[in-house]
Amino acid sequence: MINSVKDEDTHQNYNVKPPSSVCKEDESTVIHLTIPLNFAGLRLDQALAKLLPDWSRSRLQSWIEAHRVKLNDQSVIAKQKVWGGECLQVSPQEAITSPVHAAEAISLNIVAEDDTLLVVNKPVGLVTHPGNGNWQGTLLNALLHHAPQLEKVPRAGIVHRLDKDTSGLLVVAKTIEAQTNLVRQLQQRTVRREYLALVYGMLEQAGSVNAPIGRHPTQRTKMAISAKGKPAQTHYHIVETFQSCTLLRCILDTGRTHQIRVHMQSIRHPLVGDSVYCGKPQKIDVSVAQLLSGFTRQALHAQKLALLHPKTGHSVTWEVEMPHDMQQLLDLLRNRNRKTKPQ
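Small disclaimer: the values here were computed from a predicted structure and weren't measured.

1. Considerations on the overall build of the chain
Argument step 1. Helix and strand content of the chain: seven helices and 16 strands.
Argument step 2. The proportion of buried residues among the 343 residues of the chain is 48%.
Argument step 3. As presented, the chain carries roughly 16900 Å² of accessible surface, and 48% of it is formed by carbon and sulfur atoms.

2. Considering the confidence of the model for the chain
Argument step 1. When pLDDT is averaged along the chain, the result is 85; 87% of the residues meet or exceed 70.
Argument step 2. Counting interchain partners and residues more than four positions distant, the pLDDT-below-50 stretch residues 1-28 has 58 contacts.

3. Focus: the side chain of Gln185
Argument step 1. Position of Gln185 among the secondary structure elements: in helix 4 (residues 176-188).
Argument step 2. In contact with Gln185, not counting residues within four places along its chain, are Thr190, Val191, Leu307 and Leu308.

4. Some points on the environment of Leu308
Argument step 1. If you trace the backbone, Leu308 turns up in strand 15 (residues 300-308).
Argument step 2. In this structure the C-alpha to C-alpha distance between Leu308 and Arg192, which are 116 residues apart in sequence, comes to 9.7 Å.

5. Things to note about the pattern of salt bridges
Argument step 1. Tallied over the entire structure, the rule returns 11 salt bridges.
Argument step 2. With a closest N to O distance of 2.7 Å, Glu194 and Arg192 form a salt bridge.
Argument step 3. The buried category is assigned to Glu194, whose relative accessible area is 6%.
Argument step 4. Given the relative accessible area of 36%, Arg192 is considered partly exposed.
Argument step 5. One salt-bridge network, in which partners are shared between bridges, spans Asp163, Arg261 and Asp274.

6. So, helix 3 (residues 139-146)
Argument step 1. Of all eight residues in helix 3, six are buried, a share of seventy percent or more.
Argument step 2. Every buried residue belonging to helix 3 is among Leu139, Leu140, Asn141, Ala142, Leu143 and Leu144, and all of these are buried.
Argument step 3. Its side-chain oxygen 3.3 Å from the backbone nitrogen of Leu140, Thr138 forms the N-cap of helix 3.

7. With respect to the sheet that holds strand 2 (residues 31-34)
Argument step 1. If you trace the four strands from one edge of the open sheet to the other, you get 2-5-3-4, paired in antiparallel fashion. Because the sheet does not close on itself, it has two edges, and the strands there are strand 2 and strand 4 (74-75).
Argument step 2. One ladder, built from two bridges, connects strand 3 (residues 69-71) with strand 4; its direction is antiparallel. Within the sheet, the bridge partner assigned to Leu71 lies in strand 4 and is Gln74.
Argument step 3. In this fold helix 1 (residues 44-51) packs onto strand 2, strand 3 and strand 5 (87-90), with an angle of close to 75 degrees to the strand it touches most, strand 5.

8. Notes on the pairing of strand 7 (residues 117-122)
Residues in a regular strand project their side chains so that they alternate between the two faces of the sheet.
Argument step 1. For strand 7, the buried fraction is high: six of the six residues fall into the buried class.
Argument step 2. Inspection of the sheet shows strand 6 (residues 110-113) paired to strand 7 by three bridges, in the antiparallel sense. Counted as the bridge partner of Ala112 is Val119 from strand 7.
Argument step 3. A loop of three residues connects strand 6 with strand 7, the two strands running antiparallel in sequence.
Argument step 4. When strand 7 meets strand 8 (residues 167-173), the two strands line up antiparallel, connected through six bridges.

9. Topic: helix 4
Argument step 1. Between the first and last C-alpha of helix 4 there are 18 Å, a value that for 13 residues agrees with the 18 Å anticipated at 1.5 Å per step.
Argument step 2. What helix 4 keeps buried is the set Ile176, Ala178, Gln179, Thr180, Asn181, Leu182, Val183, Arg184, Gln185 and Gln188.
Argument step 3. At its buried positions, helix 4 is contacted by strand 2, helix 1, strand 8 and strand 15.

10. Quick look at unusual backbone geometry
Argument step 1. For His67, which is not a glycine, the phi torsion comes out positive at approximately 60 degrees.
Argument step 2. Along the chain, His67 turns up in the loop between helix 2 (57-65) and strand 3.
Argument step 3. The backbone phi angle of Arg268 is positive, close to 65 degrees, even though this residue is not glycine.
Argument step 4. With respect to the element layout, Arg268 can be found in the loop between helix 5 (259-266) and helix 6 (286-292).

11. Notes on the side chain of Glu86
Argument step 1. Structurally, Glu86 can be placed in the loop between strand 4 and strand 5.
Argument step 2. The class of Glu86 is buried, set by a relative accessible area of 10%.
Argument step 3. Looking at Glu86, its side chain comes within polar contact range of the main-chain nitrogen of Trp83, at 2.7 Å.

12. As for the pairing of strand 2
Argument step 1. What you see with strand 2 is no split at all: Ile31 and Leu33 on one side and His32 and Thr34 on the other are buried throughout.
Argument step 2. Note that strand 2 and strand 5 share four bridges and pair antiparallel. Counterpart to Leu33 in the pairing with strand 5 is Leu88.

13. Focus: the environment of Ile213
Argument step 1. Looking at where Ile213 falls in the secondary structure, it is placed in strand 11 (residues 213-215).
Argument step 2. The buried category is assigned to Ile213, whose relative accessible area is 4%.
Argument step 3. Ile213 sits 10 residues away from Met223 along the chain, and the two C-alpha atoms are 6.6 Å apart.
Argument step 4. Discounting chain neighbours no more than four positions away, the residues touching Ile213 are Met223, Ala224, Ile225, Ser226, Gly229, Lys230, Ala232, Arg256, Thr257, Gln259, Val262 and His263.

What counts, and at which threshold
- Residues numbered from 1 in each chain as written.
- Predicted model: local features only at pLDDT ≥ 70, side-chain atom pairs only at ≥ 80, totals over all residues.
- Heavy atoms only, no water.
- Helix = DSSP H or I, 4+ residues; strand = E, 2+ residues; numbered from the N terminus.
- Buried < 20%, exposed > 50% of the residue type's maximum accessible area, 1.4 Å probe, protein only.
- Areas by Shrake-Rupley, 256 points an atom, 1.4 Å probe, with all protein chains shown as cover.
- pLDDT = per-residue confidence, 0-100.
- Contact = heavy atoms within 4.5 Å.
- Salt bridge = Lys/Arg side-chain N within 4 Å of Asp/Glu carboxyl O.
- Polar contact = N/O pair within 3.5 Å; in protein donor to acceptor, adjacent residues only side chain to side chain.
- Pairing = 2+ DSSP bridges.
- Axes fitted to C-alpha atoms, helices over the stretch in contact; angles between N-to-C directions.
- Expected span 1.5 Å × (residues − 1).

This is the structure:
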């Protein structure tokens, strides 16, 4: 595991100021923000939706009506205009995490933790958030047991997800302010996520896929390239080449559902083991195909995570090794390369 501090370029969408710009700090249950200058002329509810995207507009509207939102210490109405520089105070209602999400004593591989966030190395097979068919035994249930105070943070502090059969790094916010900061960073692309992906076919050079992703038009549990979808961009670099398959390092500019899986399928290099987005891979050697057929989940691992710490503003980076099953598969491929290499 690597934990380091370094400088990184940042990309601003809203020119939202870093955590040091908040008007003041007191109890952790109240959010203090400054209205960015480029929000001038927006209605308060529109500005609030941009600043706190982790909550629905209807919830934010209810907080305004319940006088849980103040501008320069004054009560406000939703259609009130903002002009930039005002101090915004939001008091979220308690019991944000649904009571049906029970705490469960599930072991967690915690890479780093402080009073603001924790970083988890999620194993293969663990669902991130409860949903249809998976209401117990999830990462969220485990987090509520590990840190009961997360009951008062939306989705127990989870700000991004990994698929059930994808392993690797996830960051979790331990306070509402930290979660708001991390969600904003994801939007502004100051969070860097790097994945290792084993794909079918032999790629000769690095590249990028820039194609919008949305729900599949007929198979609603799947995602697909769609003109009506949200912008999505994936950069890939060659790490190691094998016969009929390639290990890639994929870097996300965006974080759409199943993004790497959909994008790699779109260029006819689907992930090894991906039964959902298998597509039609390029022709591969029969013996390699037999070897890869024993790997029954997508060969994808979130290896590296870098972001600006919500409290200090410093750039922090974590990195973890790939799980045993994926490492074992690569070892088998390397051994095969050595045996078939001409003498």
